Amino acid sequence: YAENKHSLLIIIQGMDASGKDGLIRDVFSYVNPQGVQVKSWKAPTAEELAHDFLWRIHQHTPAKGMIQVHNRSHYEDVLITRVHQLISAKKTKQRFNQINEFEELLSENGTVIRKFFLHISKDEQKQRLEERICDPEKRWKFNANDLEERKLWARYAEAFEDMLSATSTDCAPWYVIPANHKWYRNLIVAEHVVAAVESMKLKTPPPPEGIDFDALKIE
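Position labels on residues start from 1 in each chain and follow its written sequence. For a predicted model such as this one, the threshold for reporting local features is a pLDDT of at least 70, and the threshold for listing and counting side-chain atom pairs is 80 or more; totals across whole chains, interfaces and linings nevertheless cover every residue. Where side-chain values are given, they derive from all heavy atoms of the structure, hydrogens and water being excluded.

Caption draft 1: Region of interest: helix H8 (residues 153–167). Between the first and last C-alpha of H8 there are 21 Å, a value that for 15 residues agrees with the 21 Å anticipated at 1.5 Å per step. For H8, every residue scored as buried is listed here: Trp-153, Tyr-156, Ala-159, Phe-160, Met-163, Leu-164 and Thr-167. The arc that holds the buried residues of H8, viewed along the axis, is 130 degrees, so those residues lie on one side. Exposed and facing more than 90 degrees away from the buried side of H8 are Ala-154, Glu-161 and Ser-165. Helix numbering and strand numbering both begin at the N terminus, where a helix is a DSSP run of H or I of at least 4 residues and a strand a DSSP run of E of at least 2. To estimate how far a helix should reach, multiply one less than its number of residues by 1.5 Å. Exposed residues in this analysis have more than 50% of their type's maximum accessible area, buried residues have under 20%, and partly exposed residues fall in between, with area computed by a 1.4 Å probe over protein chains only. Arc, as used here, means the arc of the directions from the helix axis to the C-beta atoms.

Caption draft 2: Examining the packing of helix H1 (residues 20–28) against helix H9 (residues 182–199) more closely. Simply put, an axis is a line fit to the C-alpha atoms, just over the touching stretch for a helix, and the angle between two N-to-C directions goes from 0 to 180 degrees. With their axes 10 Å apart at the nearest point, H1 and H9 run at an angle of 60 degrees to one another. When the axis of H1 is compared with that of H9, the two are oblique. Judged by the sense of rotation from one axis to the other, the crossing of H1 with H9 is right-handed. Touching Gly-22, Leu-23, Asp-26, Val-27 and Phe-28 of H1 are Arg-185, Asn-186, Val-189, Ala-190 and Val-193, all from H9. The classification used treats Ala, Val, Leu, Ile, Met, Phe, Trp, Tyr, Cys and Pro as nonpolar, Asp, Glu, Lys and Arg as charged, and all other residues, Gly among them, as polar. Looking at the contact of H1 with H9 residue by residue, the class counts come to 6 nonpolar, 2 polar and 2 charged. Throughout this description, any angle smaller than 35 degrees is read as roughly parallel, any larger than 145 degrees as roughly antiparallel, any in the 65 to 115 degree range as roughly perpendicular, and the remainder as oblique. Helix crossings get a hand from a simple test, with the near helix turned counterclockwise from the far one by less than a right angle marking a left-handed crossing and a clockwise turn marking a right-handed one. Contacts are residue-level and defined by heavy atoms, with any inter-residue pair within 4.5 Å sufficient.

Caption draft 3: Layout of the sheet that holds strand S3 (residues 67–71). Two strands qualify as a pair provided DSSP detects at least 2 bridges between them. With respect to topology, 5 strands assemble into an open sheet ordered S2-S3-S1-S4-S5, the strand pairing being parallel. Only two strands of the sheet have a single neighbouring strand rather than two, namely strand S2 (36–40) and strand S5 (174–178). Strand-to-strand, the axes of this sheet are offset by a mean angle of 20 degrees, without reference to chain direction. Where S2 and S3 come together, 5 bridges link them in parallel fashion. Residue pairing across strands places Val-38 opposite Val-69, the latter belonging to S3. Helix H5 (residues 89–108) contacts strand S1 (7–14) and strand S4 (111–119) of the sheet and is inclined by roughly 135 degrees relative to S4.

Caption draft 4: Main features of a nonpolar patch on the surface. Where nonpolar side chains cluster on the molecular surface, the patch consists of Ile-211, Phe-213, Leu-216 and Ile-218 and spans about 450 Å² of accessible area. As for its placement among the helices and strands, Phe-213 is situated in the segment after H9. Grouping into patches uses exposed residues only, defined as over 30% relative accessible area, and leaves out salt-bridged ones; the cut-off is 9 Å for like charges and 5 Å for nonpolar side chains (Val, Leu, Ile, Met, Phe, Trp, Tyr). Residue burial considers only the protein chains on display, and all accessible areas are found by Shrake-Rupley using a 1.4 Å probe. Here a salt bridge means any side-chain nitrogen of Lys or Arg lying within 4 Å of a carboxyl oxygen belonging to Asp or Glu.

Caption draft 5: Broad picture of the nonpolar core. Each nonpolar core is a collection of buried residues, namely Ala, Val, Leu, Ile, Met, Phe, Trp, Tyr and Cys, held together in the definition by side-chain atoms within 4.5 Å. Core analysis: the biggest nonpolar cluster contains 26 residues, and Tyr-75, Phe-160, Met-163 and Trp-174 have the highest contact counts within it. Those elements that place two or more of their residues in this core are S1, H5, S4 and H8. In terms of residues, this core owes the most to one element, H8, which gives 6 residues. Not counting chain neighbours up to four residues away, the residues in contact with Trp-174 comprise Ile-11, Gln-13, Tyr-75, Lys-115, Phe-116, Phe-117, Met-163, Leu-164, Thr-167 and Ser-168. The next biggest cluster of nonpolar side chains, apart from the first, holds 21 residues, and it includes Phe-116, Leu-118, Ala-179 and Val-189.

What follows is the structure in structure tokens.
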């Protein structure tokens, strides 16, 4: 934030109940909240659908000096849309290319991008969904639609595999994070975030010119 030259974009994807919310809470609670913004992506609005699929995303990319965390992201437009056969294979490939170009544009303008896919097993997802049903303190998380989406596990697995292969680039790499164990998930992501910040080689900006700080006195 002080240097105001770089920004960091964190993208988090994963199956339902893979721990996206918990990861953001546990890892980024240690960062000054003035320098972090979190955006959770839902189904596009009518206005957003009237534009290209990246229009709404670009408005929430990080300004210089900021960290932006995306809980889900533009990758929903090559996942849900593909699994539910809302777009063709040709359109999916086209969007892969557009995403790569979009992220390259961000990178060339000083944004470091790190993308994390939280990988859980089908059995672990089953356990977490059952906890949402049985535990009164977790029922607020339960969405009946999650059970319908779970039936499409194989389709999602194939879509995720193709997405990771097509859109992991030098400037915007994907990291597949084992997420069955929450503490391990948090540790690995935190280490990658720290490494991303260190890669920027940040420096404290110089003080204003023309001021003798040794002689300065404040009454």
